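The primary structure of each chain is shown beneath.
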Amino acid sequence: TIFCVSIIFPFWDVIIMSFTPSKCVNTLEIWLWPKKFSFDSYTYVLSNNKILRAFFVSVFRTVFGTLVHLALVICASYPLSKRELPYRKLVTMFFLIPMFFSGGLIPSYVINRYLGLTNNLLVYIIPGAFSMYVTIIVRNYFMSIDKGMEESALIEGATVTIILMKIVIPLSKPVLATISLWHIVSQWNSWFDCMIYIQDEKKIVLQMILRRMISNLDMWSEEMRNYALQNPQVVNFTSKTVQAAITLIVIAPIMCVYPFLQKYFVKGIMLGAIKG
């Protein structure tokens, strides 16, 4: 119980702070419920074009990045799950070596810059689109599927593509949901690639906005004061309450997605890890 409280209370405190007026935030009191509700922090956040634009960029990179990741992993895992594939072990080792020995940050930056990915939204998707670690897990899951289903489909005249789309993928929902959740969380929480490759303010992600607000509070405080002067009806917010509001906006999508994938999570990771 103490451990759960130690985890839940800071999260609850952020929720309370995001709805608390500015006068109450500056006190040292601790509340389990706001004495007075104020939505001014969310009004400021939702009226800030920079924050809204960054939110949609984060949604774009998460959705399309996950779809591309799934497509590449499935296309790589299905052939490697066939023991009769020529040079199967050689191809697997070819992809395994870069997984253990990466070139590092500077070579990665040079390659991405040479490919024209700097200041480009595709830099959020292409560099992390393929993962050999995930491919091995999905390959092992594909190997656990009864071969009799595929042989029956072949006898009936089904092509390899139809077998993959109609039989293998529907039976692999647990492992696909698991790796989707991994990649969704990874893409949604990423900000370091934005800091390195993106200079255009219209292409930054929401997590980068939150980091800038924490590291350069004076600049945001000045922007908030200017907003309050232009909108005198919205004054019950401070940098702390805005940080809390953005934090909740950042974590809310993952909290909404996770319950729908949770039932597949444990089953998918266990079967993909021990089979094959």
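Since this is a predicted model, take the numbers as computed values, not measurements.

K.L.:
How do you make sense of the pattern of salt bridges when you look at a structure like this?
P.N.:
Close approach of charged atoms allows side chains with opposite charge to pair. For the structure on display, the rule yields three salt bridges. Of the charged contacts in the structure, one is a salt bridge between glutamate 201 and arginine 212, with a shortest N-O distance of 2.7 Å. Here the residue glutamate 201 occupies a position in the loop between helix H11 (192-197) and helix H12 (206-215), and arginine 212 occupies one in helix H12, the gap between them amounting to 11 residues. Overall, the relative accessible area of 34% leaves glutamate 201 in the partly exposed class. Judged by relative accessible area, which is 22%, arginine 212 ranks as partly exposed.

K.L.:
Would you explain the packing of aromatic side chains in this entry?
P.N.:
Aromatic rings considered in pairs are described by the distance between their centres and by the relative angle of their planes. A full pass over the atoms with the stated rule returns 10 aromatic pairs. Both rings, one in phenylalanine 55 and one in phenylalanine 56, keep their centres 5.7 Å apart while their planes meet at 75°; by these two values the pair is edge-to-face. The class of phenylalanine 55 is partly exposed, set by a relative accessible area of 24%. Ring centres of tyrosine 133 and tryptophan 182 lie 6.2 Å apart, and the angle between their planes is 20°; this geometry places the pair in the stacked category. Taken as a pair, tyrosine 133 in helix H7 (residues 132-143) and tryptophan 182 in helix H10 (residues 173-189) lie far apart in primary sequence, 49 residues in all. You can call tyrosine 133 partly exposed: its relative accessible area is 47%. With a relative accessible area of 28%, tryptophan 182 lands in the partly exposed category. A network of ring pairs unites the aromatic residues Phe55, Phe56 and Trp188 as a single cluster.

K.L.:
I keep staring at H10 and nothing clicks. Help me out?
P.N.:
Each turn of an α-helix holds 3.6 residues, which means side chains three or four residues apart point in the same direction. With 17 residues, H10 should reach 24 Å at 1.5 Å per residue; the first-to-last C-alpha distance of 24 Å fits that figure. Counting buried positions along H10 yields 12 of 17 residues, so the element is predominantly enclosed.

Cut-offs applied
Residues numbered from 1 in each chain as written. Predicted model: local features only at pLDDT ≥ 70, side-chain atom pairs only at ≥ 80, totals over all residues. Heavy atoms only, no water. Salt bridge = Lys/Arg side-chain N within 4 Å of Asp/Glu carboxyl O. Helix = DSSP H or I, 4+ residues; strand = E, 2+ residues; numbered from the N terminus. Buried < 20%, exposed > 50% of the residue type's maximum accessible area, 1.4 Å probe, protein only. Phe/Tyr/Trp six-rings, centres within 6.5 Å; stacked < 30°, edge-to-face > 60°. Expected span 1.5 Å × (residues − 1).

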